[in-house]
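The lines below spell out each chain.
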Amino acid sequence: MWKLKIGKGNGEDPHLFSSNNFVGRQTWEFDHQAGSPEERASVEEARRSFLINRSRVKGCSDLLWRMQFLREKKFEQGIPQPTKIKEEITYETTTNALRRGVRYFSALQASDGHWPGEITGPLFFLPPLIFCLYITGHLEEVFDAEHRKEMLRHIYCHQNEDGGWGSHIESKSVMFCTVLNYICFRMLGENPEQDACKRARQWILDRGGVIFIPSWGKFWLSVKSFEPYIFFC
């Protein structure tokens, strides 16, 4: 199971430096032994629900860390939710609604005072990192199998129904991010005949091919110039 660690790094890695004692730093770690059967089942159900609804609800809502924090703090709302919609908005109902929200978000506050959150919107952040590590031969050294599995899950879950990827999770498909994420698929070991790969490759070829990627994309493809030709064969 994955677990979010807050403020980790102080004195643990000589290559990391912080001027504020790593306040606000978020690190995900995977532990094969962590979590009860019920907790693991709840995580898998959240993943299944997101997968099924990914074309309708694009954002992940940071569900895994929310579930973790609420579970660790044994959160119970306590303030009853209105049972029906009233035509008249009273002082009492408004106050209760605010109290419910404050109580909930207080439970989601990290130990160092900040509220965690992932920058999951743009779909051009992950590919350059993968490219650099792949080209330098450090991909599997830096990211183990569980990290690579989650990267593939992230890319797959944000693929549009037409087979491409947008510049962000709500965007229509564009050549730039479709090419970058398709190559990410391949660098992370995905089978080129897998359905998501085939649909992505077809989207690219139907629109003139990889040569129509914008200049920023051409830069990344030229970092190791022969590699894209291997992936598109």
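Since the model is a prediction, treat every value here as computed from it, not as a measurement.

Even without glycine at this site, F22 takes up a positive phi of about 65°. Topologically, F22 is positioned in the loop between β1 (2–6) and β2 (26–30). Overall, F22 belongs to the buried group, its relative accessible area being 7%. Its identity as a non-glycine residue notwithstanding, K74 has a phi of 50°, on the positive side. With respect to the helices, strands and loops of the structure, K74 is situated in the loop between α2 (63–72) and α3 (91–107).

Under the criterion given, the structure shown has 11 aromatic pairs. Measuring from ring centre to ring centre gives 5.4 Å for W65 and F69, while their planes differ by 70°; the resulting arrangement is edge-to-face. With W65 and F69 both in helix α2 and 4 residues apart, the pair spans about one turn of that helix. Owing to a relative accessible area of 4%, W65 belongs among the buried residues under this scheme.

How big an interface is tends to be reported as the loss of accessible area on association of its parts. Segmenting the protein into domains produces domain 1 (1–117) and domain 2 (125–229). Computed over C-alpha atoms, the centres of domain 1 and domain 2 are 29 Å apart. Contacts between the two partners involve 11 residues from domain 1, matched on the other side by 11 residues from domain 2. Three residues stand out in domain 1 for area buried against domain 2, namely W2, R54 and K58, and they jointly supply 51% of the buried area on that side. Counting every contact that joins domain 1 to domain 2 gives 1 salt bridge. The salt bridge partner of E150 is R47, with a shortest N-O separation of 3.1 Å. The interface formed by domain 1 and domain 2 contains 3 residue pairs in polar contact (both at pLDDT 80 or more). Every element with two or more residues in the side of domain 1 that touches domain 2 is listed here: β2 and α1 (37–52). Tallying contributions element by element places α1 first for the side of domain 1 that touches domain 2, with 3 residues.

The rules behind the values
Residues numbered from 1 in each chain as written. Predicted model: local features only at pLDDT ≥ 70, side-chain atom pairs only at ≥ 80, totals over all residues. Heavy atoms only, no water. Helix = DSSP H or I, 4+ residues; strand = E, 2+ residues; numbered from the N terminus. Buried < 20%, exposed > 50% of the residue type's maximum accessible area, 1.4 Å probe, protein only. Phe/Tyr/Trp six-rings, centres within 6.5 Å; stacked < 30°, edge-to-face > 60°. Domains from an automatic or database assignment. Contact = heavy atoms within 4.5 Å. Buried area = accessible area lost by both parts, 1.4 Å probe. Salt bridge = Lys/Arg side-chain N within 4 Å of Asp/Glu carboxyl O. Polar contact = N/O pair within 3.5 Å; in protein donor to acceptor, adjacent residues only side chain to side chain.

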